[in-house]
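Spelled out from the first residue to the last, the chains are:
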Amino acid sequence: MILGVHSATFVKNWYEDVTPYIHKCKKAGYKSVEVSLLGQTPSSAKDISKLAKDLNITLTCTTGLSKEEDISSGDSGIQKNGIEALKRAIDMTAIMEAKLLTGVVHAAWGISNSMGKDKEDKFKNSSNSIKKISRLLTEKNIKLGIEPLNRYESDFINTVDEGLRLCELIDHPNVGLLLDAYHMNIEEKNMCQSIEKARDKLFHFQVAENDRGVPGSGSINWSEIFSTLKKINYKGHVSLEMFIQANEDTSEDLFTWRNIEADPYEAIVRSFNFLNEHLNA
């Protein structure tokens, strides 16, 4: 498994240059960085790719769809917007020479106007839309990871079972799941059993404590989680996604109303020491 850090741990707005933070992640011992595509351009993507190569850092990419790009919508125009947005994200991922694009790629981030009452339509619309980009995923050799979100952030895909159902409808080897321990801790009856269910469809794994702070500082049973990841022979990225800074431009999007940790760099160092210990246990 490869330990990494999500750029949102540091950034104060989505257009901020993330290259200084890649240096910080390298210094802390991490082997990969997960870059949000929000605010990125082809030029910035090339710069990030070059730096990552120079530092021997592997990149993964993440993005989210807006309400005007919701591929689960019944509006064909909005679906088309979302399909084009995903194509651009795949192209940007390729520019960064990353092989993995994950996040809220199956619907808009947030609660829809239907308040969860039209899930069957959403399954149909989302799966049909992703099928339309599957050829590009194959051409670019990029995997797409669908992220189940907790009930407060989405009224569509909340659980591993729902995520797997969407994957089954899409039925493509390059489409799987991103599982996030923070969301799973809210939605899954048994996190480890759900990880086992995902098995080969687990493309990416994100970690943070139950308060989205430093792993090991709260109530999540990390020994069981890492034992399960090893049991299913998971070899992919384990990415630290902590949303910990209040009173920044990103805080509203990330629902961070107080400082969860005092200093982002100190937090990723503590996290690395804890996670690395479990990786090597």
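Going by the structure above, here's the rest.
Residues numbered from 1 in each chain as written. Predicted model: local features only at pLDDT ≥ 70, side-chain atom pairs only at ≥ 80, totals over all residues. Heavy atoms only, no water.

Caption draft 1: A look at the pairing of strand 5 (residues 143-146). Bridging between strand 4 (residues 100-108) and strand 5 involves 4 bridges; their strand directions are parallel. By the bridge assignment, Thr 102 is partnered in strand 5 with Gly 145. As defined by bridge partners, strand 5 adjoins strand 6 (residues 175-180) across 3 bridges and the pair is classed as parallel. Note that in strand 6 the partner of Gly 145 across the bridge is Gly 176. Where the polypeptide runs from strand 5 across helix 6 (residues 160-170) and back to strand 6, its parallel neighbour, the crossover connection is right-handed. (Pairing = 2+ DSSP bridges. Helix = DSSP H or I, 4+ residues; strand = E, 2+ residues; numbered from the N terminus. Right-handed = clockwise from strand over helix to strand, strands pointing away.)

Caption draft 2: Examining the state of the cysteines more closely. Applying the stated rule across the entire model yields 0 disulfides. Cys 25 takes part in no disulfide bond, and the closest cysteine sulfur to it belongs to Cys 61, at a distance of 14 Å. No disulfide involves Cys 167; its sulfur sits 19 Å from the nearest other cysteine sulfur, which is in Cys 61. (Disulfide = S-S within 2.5 Å.)

Caption draft 3: Molecular detail of helix 6. The complete set of buried residues in helix 6 reads Val 160, Glu 162, Gly 163, Leu 164, Leu 166, Cys 167 and Ile 170. If you follow the buried residues of helix 6, they end up packed against strand 4, helix 4 (119-131), strand 5, strand 6, helix 7 (181-187) and helix 8 (191-198). Downstream of helix 6 by one or two residues, Asp 171 has phi in the positive range, about 55°. (Buried < 20%, exposed > 50% of the residue type's maximum accessible area, 1.4 Å probe, protein only. Contact = heavy atoms within 4.5 Å.)

Caption draft 4: Quick look at the packing of aromatic side chains. Applying the stated rule across the entire model yields 3 aromatic pairs. Taking the centre distance of 5.1 Å and the plane angle of 70° together, the rings of Tyr 30 and Phe 272 count as edge-to-face. A residue pair is termed long-range when its members are at least 10 positions apart, and Tyr 30 in the loop between helix 1 (19-28) and strand 2 (32-36) and Phe 272 in helix 11 (residues 264-279) qualify at 242 residues. Neither Tyr 30 nor Phe 272 differs from the other in exposure class; each is buried. (Phe/Tyr/Trp six-rings, centres within 6.5 Å; stacked < 30°, edge-to-face > 60°.)

Purely spatial values, then, with no claim about function.
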